[in-house]
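For reference, the chains in residue letters:
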Amino acid sequence: ACGAGATNDSSEGSVANIEDKTTVDTIKENDVIRIGVFGDKPPFSYVDANGDNQGFDVEISKKIAEDLLGDSSKIEWVITEAANRVEYLETGKVDLMMANFTVTPERAEVVDFANPYMKVSIGIVSPEGDVITDVSQLEGKQLIVNKGTTAEAYFRENYPDIELLVYEQNTETFQALLDGRGAALAHDNTLIFGWIKDNPGFVAGVEAIGNEDTIAPAVAKGDTALSEWVNAEIDTLNESGFIAEAYEKTLAPAFSSDIDPASVLINQ
Amino acid sequence: MDLDFIRKAIPMYQEAAFLVLRLGWIGIIFAFIIGLIVSIVRYYKLPVLSQFFEGYIEMSRNTPLMIQLFFLYFGLPQVGIHLSAEVCGILGLTFLGGSYFAEAIRGGLESVPNIQMESASSLGLSNTQTFLYVIFPQAIANSFPSIGANIIFLLKETSVFSAIALADLVFVAKDIMGLYYKTNEALFLMVTTYLVFLLPISLLIHFIERRLRFAGFGN
Amino acid sequence: MQDSGINILFEGQNLQRILEGLGQTVFVAIISVVLSFILGLLVGMLMTSRNIVVRFVTRLYLEVVRIVPVLVMLYILYFGLTRWTGIHIDNRVIAIFVFTFWGTAEMADIVRASVTSIPKIQWESGQALGLTAGQLYVYVIIPQTVRRIVPPAINLATRMVKTTALLPLIGIIEVIKVGQQVIEVSVKDYPSASFWIYGLIFFLYFIVCYPLSKLSKKLELKWQE
Amino acid sequence: MARVRRGEETLESPILKLKHVNKYYGETQALADIQLDVAKGEVVTIIGQSGCGKSTALRCINGLEQIQSGSILLDGKEIAAAGTNWKEVRQKIGMVFQKYDLFPHMTVLDNVLLAPLKVQKRKKEEAAEEAIALLKRVGLEDKAHSFPRQLSGGQQQRVAIVRALMTHPEIMLFDEVTAALDPEMIREVLNVILDLAKDGMTMLIVTHEMAFAEAVSDKIVFMEKGNIVEISEDPKAFFTQPQSQRANEFINTFRFQ
Amino acid sequence: MARVRRGEETLESPILKLKHVNKYYGETQALADIQLDVAKGEVVTIIGQSGCGKSTALRCINGLEQIQSGSILLDGKEIAAAGTNWKEVRQKIGMVFQKYDLFPHMTVLDNVLLAPLKVQKRKKEEAAEEAIALLKRVGLEDKAHSFPRQLSGGQQQRVAIVRALMTHPEIMLFDEVTAALDPEMIREVLNVILDLAKDGMTMLIVTHEMAFAEAVSDKIVFMEKGNIVEISEDPKAFFTQPQSQRANEFINTFRFQ
Ligand SMILES: Nc1ncnc2c1ncn2[C@@H]1O[C@H](COP(=O)(O)OP(=O)(O)OP(=O)(O)O)[C@@H](O)[C@H]1O
Ligand SMILES: Nc1ncnc2c1ncn2[C@@H]1O[C@H](COP(=O)(O)OP(=O)(O)OP(=O)(O)O)[C@@H](O)[C@H]1O
Ligand SMILES: [Mg+2]
Ligand SMILES: [Mg+2]
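On a predicted model such as this, the values are computed, not experimentally measured, just so you know.

Here's the deal with the overall build of chain D
The helix and strand tally for chain D stands at 10 helices and 10 strands. Relative to a compact globule of 257 residues, whose C-alpha radius of gyration would be 18 Å, chain D shows 18 Å and is just as compact. Its C-alpha atoms give chain D principal-axis dimensions of roughly 50 × 50 × 40 Å. For chain D, buried positions account for 60% of its 257 residues. The long-range fraction of contacts in chain D, counting pairs at least 24 apart against all pairs at least 6 apart in sequence, stands at 67%. Accessible area of chain D: about 10600 Å², with a carbon and sulfur share of 48%. Of the side chains in chain D, 32 bear a positive and 35 a negative charge, and the two mean positions are spaced by 4 Å.

Given below as structure tokens:
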């Protein structure tokens, strides 16, 4: 984009021309940015045993804070749930939503997405003896998904007739497949690849379906100052290779080694 | 509010309401039976069983249904018992509700004056007859207000069923909020649905309660 | 279980974090319970009022609280209030407010039931001695209602403690949520993580609630004469 | 109003006989070596201070309490021993208590029909006919379908008497049945009992209504601290000049001049 | 045992005066044109069937019920009108009820001290001293720290009397204070009232104890259906030969011969 070369300083300059204070100003004034993340979705965003926020989303968030406020620790973490991410943005209780937010048209109506920093595809995993290799095989069977994920949204939208078993927690979602609660499990394919590595007897019968979706930071509707700043920042991070580094640090260990980073990262 | 959206979402709520009512009533009936047995055992202070049930009551009342369900649903398969989510939901309600009903009914049993039992036996009624014809009807009438409150409470407790992937009302609402971000519509429909099925039940309970007031001796 | 899953508890700050989560639970619950008991006493007395309007309004309040789920109240207050007024209020304040709003109604109904069960003659003999309405309540009625209130009130308190599981929706990370966070990061190394963690939480709830119900039994016995 | 006893009755063995009955509640002795005969058609009244053991005596007779030693014979058969068929015995003994006696969730008719139908398995029509007749006799035929709470205390006690009569008992026990009532109600209940006495019903009565006791009784039993202190076969004489010092003091409680 | 009234007292204006008092509960008239004077030191007893309005009369006097017309004068001052300072009036009127009267959560001493301390704001030591003295007088000084449930019914009623006396009332109202008691307890409570009468306490008593009424009263008021049918200043004569037919019938309720 044209703003690719813009530095932090220039974006600051452009904001200064506007009379009303923008979110970016306020954040700088407060010297802290409030970022919404998940607390229980490793490897994207979670809280580790020491109570620190970790994960891919978190790495990027920290870099954003560092570039915006000069210090990666100037973040107020807000732990969100899938169901309340938009509320947090709309009511201004967070400045930036980094909780693994998949871009969908419905969501784009109520929040502003910045440029994406990650791609997801949905994969389907099923037990070896009874492999699901095509979505059509799921008719009349139960499909396990995790609440609030792209997979849930995708199947609700495109295959309303497939009966979904929806679990609140990732662990429970995969446990349900182990317990044989459903015929198959649909999730981000990256997670699935990682999981089958540790669970022999299951195969990813469908490796990727539907459109490739993207994950992007989101800001409150109409908050152009911040979304423009984030857009520029994401582009910079993509180009500088920071995102690839973050991938290596957080996602790669959780995924199986045969995954091509290009299937996950933007601009690779 | 988005009326079109509401129209589209109503069937989901309807389905959730039916699920809650279906599982709720079965669970409540089982819970009532458990409560009845437990309260009778505790009322007559049957040895061993009475202590055992007291342990059950404490366990059931002092822990959240959500965790109880979790153990039923994810724990039992570890020991080879596979129960469907619906069965777990019913069992969970039964486990939780059993103790609440037990305490409610025991309160009713204990409020029946001793003289009632004595005058029944002095008429020659057997212990079972005394219980069936004299003690129990009065006990139920006396404890009906708390039984009624517990029925409503248990129906609302079904909102944690989503922990085991059952599509209860809260589940549907959260789903709509999480997927489409129609928070207002989702919550509005949820309250309305609760109202639509809880209000008649609540009114029915009030009505029965009034009809049962005969148990209040004297005035 | 082959992996000694109990070790999760001692990994990092896990145990401490779970206890902190319990702290959030207990913090919100205790303050709400105390406030509910105090306000419930006042509203409960209003419910016994002879004024039909007061009775109707308080009754309506109770019915509304009974039908509207706590979850909805939390949402409306935490997000709705900000949306309409722009005011931000700390989520724990909101939680305490909603729990108190709910608890007060339930408590008031308990108080109403026990106040109306006090024999009329008690009111009259107080009046006949020249006590004012306030003195009647403070010295005669309330002390007598306490024994009838305690068992259902403690029941209510344990229900309030258990309902704190809804708090993560408005960003309060209470004990169950912390537990889930721990499970999600530990499950790779300890497949039995959820049983240890949920088992611990089960136990913690029991530890918090059981003394309450024990106390209620004790008081009940003591006051039985 | 003491009835004239026919000579042959006194010769018969008594309907009810208490021999050396002892009853303890823990340490306290509620009945001490009680000896008492009640003949067929006889009206015996027990009087005495509160706590002297009057109720306990009645409750032991119909098995609500167990005695520790002694024997209680009904129609010559021991009923205080283990293995007594209480269901049978209790049909022969009617008992009316002080209060809260009727079953509040049943109509008057259901109350009085419970034992005939469930215990004696009698036919509903026949039992109901008798019930209505008895209710009529106590002036309550129009209350058959009322609930106890809709009746005055006196009416309730009259129903309780009917209920006890429905099993055709050989002896009736009355335990202070008027203690919780107002004077006119007391009167209407006592009138029913006086009426039964005229009909020759055998009765053992505990009461604090001295004028009534004097009028109805063939025999007055004065108890103190679990003991029978005095038995008088002449009620009039007993109330003017009791033999024992204690009975005299007791009777004085009711006098103000 | 009726006390000799001193001549000057009758000349004084009465402590309590009811003039044309009417009281309705909805449709039913509970009091019909009641006229009654109670002079200082006088003991007036109201008798009559249940529901005739006895309790209602007492309850109207100390403001537990509102009257519809007429006036009630205490010490010549209207107390049945709006704006009456009930707190003050009720200190001048002591009332004892049938039962459940004591506050069960307070000790005997706390019960009797409540009004002196909280209403009259008296000093604790001084009030307690008087309380102990009064408890001693009714034979209960050793029960000061007991709770009501640890007392017999008769003891409870004696405490209730002490509690009412503690505000130094000018007149005492007793509403069937012995109706729920056993004979000896009745006697012990009535003895306390007889004692108060001897001391010259002005009292208005509702009772069903006819022998007691005859013994204690200066004046007997017989009521029926809300009306005063007969007032007799000679209790002895009233109980042997009441003027009115209805009073005669009523008194017969208590006779069995
Ligand atoms: N269930 C019981 N447990 C212990 N002691 C009892 C019990 N019932 C009665 N007693 C005691 O036994 C004695 C006799 O009691 P009982 O009830 O027979 O007296 P009573 O003559 O009927 O008195 P009242 O006139 O008050 O009815 C009393 O000392 C009483 O305290
Ligand atoms: N709160 C009330 N509401 C309606 N009617 C009442 C009320 N209290 C009393 N009454 C009626 O007023 C009349 C007089 O009642 P009251 O209690 O004064 O009678 P009483 O002479 O004291 O009778 P008892 O001897 O039974 O105490 C009765 O007909 C009664 O039913
Ligand atoms: Mg007795
Ligand atoms: Mg009265």
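Overview of the interface of chain C and chain B
With 30 residues of chain C at the interface, the matching set in chain B holds 36 residues. At the boundary of chain C with chain B, total buried surface from both sides reaches about 3000 Å², with 71% on carbon and sulfur atoms. It is I67, F195 and F202 of chain C in chain C that bury the most area against chain B; as a group they hold 23% of the surface buried on that side. Taken together, the connections running from chain C to chain B amount to two salt bridges. Here E58 of chain B makes a salt bridge to K217 of chain C, at a shortest N to O gap of 3.5 Å. Summed over the shared surface of chain C and chain B, the result is seven residue pairs in polar contact (both at pLDDT 80 or more). Those elements that provide at least two residues to the side of chain C that touches chain B are α2 (52–67), α3 (70–85), α6 (133–163), α7 (175–186) and α8 (193–223) of chain C. In terms of residue count, the dominant contributor to the side of chain C that touches chain B is α8 of chain C (13 residues).

Side note on the relation of the copies chain D and chain E
Here the second copy of the chain follows from the first by a rotation about an axis and a shift along it. Overlay of chain D on chain E (RMSD 0.1 Å): rotation 180°, translation along the axis 0.2 Å. Each copy turns onto its partner about a two-fold axis. Closest approach to the rotation axis within chain D is made by the C-alpha atom of A180 of chain D, at a distance of 3.2 Å.

Section: a nonpolar patch on the surface
Together, F27, I30, I31, V34, L35, I38, L39 and L42 of chain C make up a nonpolar patch on the protein surface, roughly 650 Å² of accessible area in all. With respect to the helices and strands, the residue I31 of chain C is situated in helix α1 (residues 14–47).

Some points on the packing of aromatic side chains
Using the criterion set out here, one finds 43 aromatic pairs over all chains in the structure. Where F70 of chain B meets F74 of chain B, the ring centres are 4.9 Å apart and the plane angle is 45°; that geometry is what we call tilted. Note that F70 of chain B and F74 of chain B are positioned in helix α3 (residues 65–75) at a spacing of four residues, about one turn of the helix. Residues F70 of chain B and F74 of chain B agree in their burial class; the two are buried. Ring centres of F238 of chain D and F239 of chain D lie 5.2 Å apart, and the angle between their planes is 90°; on these two criteria the pair is classed as edge-to-face. Assigned by exposure class, F238 of chain D and F239 of chain D land together as buried. In this structure, K41 of chain A is placed above the aromatic ring of F38 of chain A, and the distance from its NZ or CZ to the ring centre is 5.1 Å.

Structural notes on the sheet that holds strand β7 (residues 171–175) of chain D
Residues and elements named next belong to chain D. On the basis of which strands lie adjacent, the open sheet formed by six strands has the order β6-β7-β8-β3-β9-β10 and mixed pairing. Of all strands in the sheet, those bounded by a partner on one side alone are β6 (93–96) and β10 (227–232). With strand direction ignored, the average angle separating the axes of adjacent strands in the sheet is 20°. In this fold helix α2 (residues 54–61) packs onto β3 (43–48), β6, β7, β8 (202–206) and β9 (219–224), with an angle of close to 145° to the strand it touches most, β7.

A few points about the nonpolar core
Of all hydrophobic cores here, the largest spans 236 residues; its most connected members are F56, I124, L143 and F155 of chain A together with Y13 of chain B. The contact partners of Y13 of chain B, leaving out residues within four places of it in the chain, are L169, V172, A173, I176, A186, L189, M190 and T193 of chain B.

Quick word on the site of ligand 2
What surrounds ligand 2 is a group of 13 residues, the closest being S50, G51, K54, S55 and T56 of chain E. The site occupied by ligand 2 is bordered by residues of chains D and E. In the environment of ligand 2, an oxygen atom lies 3.5 Å from a nitrogen or oxygen atom belonging to the side chain of D182 of chain D. Protein burial of ligand 2: of its 640 Å² of free accessible surface, 61% is covered by the chains.

Quick word on the interface of chain D and chain E
Interfaces are often sized by the accessible area lost when the parts come together. Contact with chain D, which involves 21 residues of that partner, is made by 22 residues of chain E. Approximately 2000 Å² of surface area, both sides summed, lies buried where chain D meets chain E, with 58% of it carried by carbon and sulfur atoms. The tally of links between chain D and chain E comes to zero salt bridges. The tally of links from chain D across to chain E stands at eight residue pairs in polar contact (both at pLDDT 80 or more).

Description of the sheet that holds strand β3 (residues 45–47) of chain A
If you walk across this open sheet you meet the three strands as β2-β3-β4 (chain A), and the pairing is antiparallel. Strands at the two margins of the open sheet, each flanked by one partner only, are β2 (40–41) and β4 (53–54) of chain A.

Focus: the pattern of salt bridges
Two side chains with opposite charge may pair up if their charged atoms get near one another. According to the stated counting rule, one finds 58 salt bridges over all chains in the structure shown. Note that E87 of chain A and R83 of chain C form a salt bridge whose closest N and O atoms lie 2.7 Å from each other. Separated into two different chains, E87 of chain A in helix α4 (residues 85–90) and R83 of chain C in helix α3 make up a pair that spans both. By relative accessible area, which is 32% here, R83 of chain C ends up partly exposed. Taking the shortest distance from any N to any O, the salt bridge between D199 of chain D and R137 of chain D comes out at 3.1 Å. Separated by 62 residues along the polypeptide, D199 of chain D in the loop between α7 (183–198) and β8 and R137 of chain D in helix α5 (residues 124–137) bring together distant segments of the chain. Given the relative accessible area of 56%, D199 of chain D is considered exposed. For R137 of chain D, a relative accessible area of 39% corresponds to the partly exposed category. Among the ionic contacts, a cluster of salt bridges with common partners joins R42, E54, E58, E103, R106 and E110 of chain B together with K217 of chain C.

Here's the deal with the site of ligand 1
Contacts to ligand 1 come from 13 residues, most closely from S50, G51, K54, S55 and T56 of chain D. Around ligand 1, the nearby residues trace back to chains D and E. Here Y25 of chain D contributes a side-chain N or O atom positioned 3.5 Å from a nitrogen atom of ligand 1. One of the backbone N or O atoms of G53 of chain D is found 3.0 Å from an oxygen atom in ligand 1.

Some points on the confidence of the model for chain D
Residues and elements named next belong to chain D. Per-residue confidence for chain D gives a mean pLDDT of 89, with 95% of residues at or over 70. Model confidence for chain D, summarised as mean pLDDT per element, is weakest for helix α1 (residues 7–11) at 46 and strongest for β8 at 96. This stretch, residues 1–11, has a pLDDT under 50; its non-local contacts, to residues over four places away or in other chains, come to 20 contacts. As scored by the predictor, the complex reaches a pTM of 0.85 and an ipTM of 0.83.

Thoughts on the confidence of the model for chain A
All names here are of chain A. This prediction gives chain A a mean pLDDT of 85; 92% of its residues lie at or above 70. Per-residue pLDDT, averaged within each element of chain A, yields its smallest value for helix α1 (residues 8–16) (39) and its largest for strand β6 (residues 96–97) (95). A low-confidence stretch, residues 1–19 (pLDDT under 50), is modelled with 13 contacts involving residues beyond four sequence positions or located in other chains.

Structural notes on the environment of F147 of chain D
Residues and elements named next belong to chain D. Looking at the element boundaries, F147 is found in the loop between α5 and α6 (153–165). Taking relative accessible area as the criterion, F147 reaches 22% and is therefore assigned partly exposed. Between the C-alpha atom of F147 and that of L102, which follows or precedes it by 45 residues, the distance is 9.4 Å. Setting aside its immediate chain neighbours within four residues, F147 contacts P104, H105, M106 and T107.

Describing the packing of helix α2 (residues 49–61) of chain B against α8 of chain C
In contact at an axis separation of 9 Å, α2 of chain B and α8 of chain C are set at 120° when each is read in the N-to-C sense. In terms of orientation, α2 of chain B and α8 of chain C fall into the oblique class. Of α8 of chain C, the residues touching α2 of chain B (which contributes E54, E58 and M59 of chain B) are F202, F206, Y210, S213, K214 and K217 of chain C. Here the residues of the contact of α2 of chain B with α8 of chain C sort into four nonpolar, one polar and four charged.

Description of the arrangement of the chains
Most contacts, among the six pairs of chains that meet, fall between chains B and C. What separates chain A from chain D at the closest point of their C-alpha atoms is a distance of 50 Å, and the two make no contact. One finds no contact linking chain C with chain D; the least C-alpha distance across the pair is 18 Å.

So, how was this worked out
- Residues numbered from 1 in each chain as written.
- Chains lettered and ligands numbered in written order.
- Predicted model: local features only at pLDDT ≥ 70, side-chain atom pairs only at ≥ 80, totals over all residues.
- Heavy atoms only, no water.
- Helix = DSSP H or I, 4+ residues; strand = E, 2+ residues; numbered from the N terminus.
- Rg over C-alpha atoms; globule rule 2.2 N^0.38 Å.
- Buried < 20%, exposed > 50% of the residue type's maximum accessible area, 1.4 Å probe, protein only.
- Contact = heavy atoms within 4.5 Å.
- Areas by Shrake-Rupley, 256 points an atom, 1.4 Å probe, with all protein chains shown as cover.
- Lys, Arg positive; Asp, Glu negative; His and termini not counted.
- Charge placed at Lys NZ, Arg CZ, Asp CG, Glu CD.
- Buried area = accessible area lost by both parts, 1.4 Å probe.
- Salt bridge = Lys/Arg side-chain N within 4 Å of Asp/Glu carboxyl O.
- Polar contact = N/O pair within 3.5 Å; in protein donor to acceptor, adjacent residues only side chain to side chain.
- Least-squares fit on C-alpha atoms with pLDDT ≥ 70 in both.
- Patch = residues over 30% accessible without salt bridge, like charges linked within 9 Å, V, L, I, M, F, W, Y side chains within 5 Å.
- Phe/Tyr/Trp six-rings, centres within 6.5 Å; stacked < 30°, edge-to-face > 60°.
- Lys NZ or Arg CZ within 6 Å of the ring centre and 35° of its normal.
- Pairing = 2+ DSSP bridges.
- Axes fitted to C-alpha atoms, helices over the stretch in contact; angles between N-to-C directions.
- Core = buried A, V, L, I, M, F, W, Y, C linked by side-chain atoms within 4.5 Å.
- Near = heavy atom within 4 Å.
- pLDDT = per-residue confidence, 0-100.
- Parallel < 35°, antiparallel > 145°, perpendicular 65-115°, else oblique.
- Nonpolar A, V, L, I, M, F, W, Y, C, P; charged D, E, K, R; others polar.

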